[in-house]
Amino acid sequence: LAASGEDELIRLHPFSTRSHAKFVIADRSGGAPHALLGSCNWLSSGMGLLEASVRIRDARLVADILYQAAELSRGRDGHWNELTSQLAAYAASLSAAPAAKTGNAMASLVFGASHRDLLTRASERAERRLFLTSHRVSAAARQALLIPLGTSLQARPALDAELRYGIAPDKGEPDWAAITRGLPMDRIRVIPPAKPQVHAKLLGWDDDDVVITSQNWLSADPAPTNPRREMGLHLHGAGIAAKVADALRA
């Protein structure tokens, strides 16, 4: 960038945030900033995978994400830098915006280990449908999802469960048969890798609840020590999960 003179236009953060979160925040001419939060690796994707992101236009929710960006910009020593100050100041200015008067959904950010709580809640509360997509699969899926989901399926005969994933377990890891051994998989519809390859990370249950996130539900189980390792958004609104499920199948 320096050699081409573009370092005045593009600034690269000099060290890793150690986060798997994926989001973009941009301001718009004549309008409030908006954000995209989800599964897409914006700095490396060839845009050929099946992704899922949520567009956020509520200024105060964008401010919340900006605060998280400010925290991610700090170094391992925790010290603020120029970028941290800029992001925090921008977030503070947005957080003073009045609450939106319109809208038909509730939204809340989800961090790190809190994803497991949502996964447990979805397994326990789903009555008719639960769907999930993940790029990767590992043995972590057994304890985090498959065992509680199996218990729920036994208790609710009408519950339909569908899992999709993008790539099989890495070499040296247990395969799908080993991960699911002894579990009631006859009630769970599993859709293996296909084209376009699934990179989206979704969790939805019944008609009104969906989580759009960076976490691979079938392989990741982040520790509470790094809450910003993963970031997602839980949306609750009439028919919102049904719309996402229909789009996914299409």
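Residues numbered from 1 in each chain as written. Predicted model: local features only at pLDDT ≥ 70, side-chain atom pairs only at ≥ 80, totals over all residues. Heavy atoms only, no water.

1. Brief notes about unusual backbone geometry
At step 1: Between Lys195 and the following residue, Pro196, the backbone shows a cis peptide bond with an omega angle of -5°.
At step 2: Inspection of the secondary structure assignment puts Pro196 in the loop between β7 (188-191) and β8 (202-205).
At step 3: The phi angle at Asp206 is positive, at roughly 50°, despite the residue not being glycine.
At step 4: For Asp206, the position within the fold is in the loop between β8 and β9 (209-213). (Helix = DSSP H or I, 4+ residues; strand = E, 2+ residues; numbered from the N terminus.)

2. Digging into helix α3 (residues 114-125)
At step 1: Taking 1.5 Å as the rise per residue, α3 with 12 residues should run 16 Å; its terminal C-alpha atoms sit 17 Å apart, in good agreement.
At step 2: Elements in contact with the buried residues of α3: β4 (105-111), β5 (129-134), α4 (140-155), β8, β9 and β10 (231-237). (Expected span 1.5 Å × (residues − 1). Contact = heavy atoms within 4.5 Å.)

3. What about the packing of helix α1 (residues 59-72) against helix α2 (residues 82-95)?
At step 1: Look at α1 against α2: their axes get within 8 Å of each other, and the N-to-C directions meet at 160°. Judged on the interaxial angle alone, α2 and α1 are roughly antiparallel. As α1 runs across α2, the sense of the crossing is left-handed. Within the contact between the two elements, α1 uses Ala59, Arg60, Val62, Ala63, Leu66, Tyr67, Ala69 and Ala70 and α2 uses Thr84, Leu87, Ala88, Tyr90, Ala91, Ala92, Leu94 and Ser95.
At step 2: Here the residues of the contact of α1 with α2 sort into 13 nonpolar, two polar and one charged. (Axes fitted to C-alpha atoms, helices over the stretch in contact; angles between N-to-C directions. Parallel < 35°, antiparallel > 145°, perpendicular 65-115°, else oblique. Left-handed = near helix turned anticlockwise from the far one by under 90°. Nonpolar A, V, L, I, M, F, W, Y, C, P; charged D, E, K, R; others polar.)

4. Some details on the layout of surface pockets
At step 1: Empty space within the largest pocket amounts to approximately 1,300 Å³.
At step 2: Lining the largest pocket we find 31 residues, and of these His13, Phe23, Leu43, Ala69 and Leu83 sit closest to its centre.
At step 3: Elements with a contribution of two residues or more to the lining of the largest pocket: β1 (23-28), α1 and α2.
At step 4: Split into classes, the residues belonging to the lining of the largest pocket amount to 17 nonpolar, nine polar and five charged. (1 Å grid on protein atoms, 1.4 Å probe; cavity = no way out; pocket = protein on both sides within 12 Å on 5 of 7 lines; lining within 4 Å. Points joined across faces, edges and corners; volume = space filled by probe spheres on them.)

5. Considering the pattern of salt bridges
At step 1: Under the criterion given, the structure shown has eight salt bridges.
At step 2: Residue Arg116 pairs with Asp221 through a salt bridge whose shortest N-O separation is 2.5 Å. Note that Arg116 is positioned in helix α3 and Asp221 in the loop between β9 and β10, a separation of 105 residues in sequence.
At step 3: Between Asp207 and Arg128 there is a salt bridge, and its shortest N-O distance comes to 2.9 Å. (Salt bridge = Lys/Arg side-chain N within 4 Å of Asp/Glu carboxyl O.)

6. A closer look at the side chain of Lys22
At step 1: On the secondary structure map, Lys22 appears in the segment before β1.
At step 2: In this structure, Lys22 is buried with no salt-bridge partner, the nearest side chain bearing the opposite charge being Glu230 at 6.3 Å.
At step 3: A distance of 2.6 Å separates the side chain of Lys22 from the side chain of Asn41, its partner in a polar contact.
At step 4: In this structure Lys22 touches Leu36, Leu37, Gly38, Ser39, Cys40, Asn41, Trp42, Lys201 and Ser214, once residues within four positions along its chain are discounted. (Buried < 20%, exposed > 50% of the residue type's maximum accessible area, 1.4 Å probe, protein only. Lys, Arg positive; Asp, Glu negative; His and termini not counted. Polar contact = N/O pair within 3.5 Å; in protein donor to acceptor, adjacent residues only side chain to side chain.)

7. Focus: the sheet that holds strand β6 (residues 160-165)
At step 1: With mixed pairing, the seven strands of this open sheet are ordered in space as β4-β10-β9-β8-β5-β6-β7. Edge positions in the open sheet fall to β4 and β7, since each of these has one partner strand only. Averaged over all neighbouring strand pairs, the angle between strand axes comes to 10°, with direction disregarded.
At step 2: Judged from the five bridges that link them, β9 and β10 form a sheet pairing that is antiparallel. By the bridge assignment for β10, Asp209 is matched with His236. (Pairing = 2+ DSSP bridges.)

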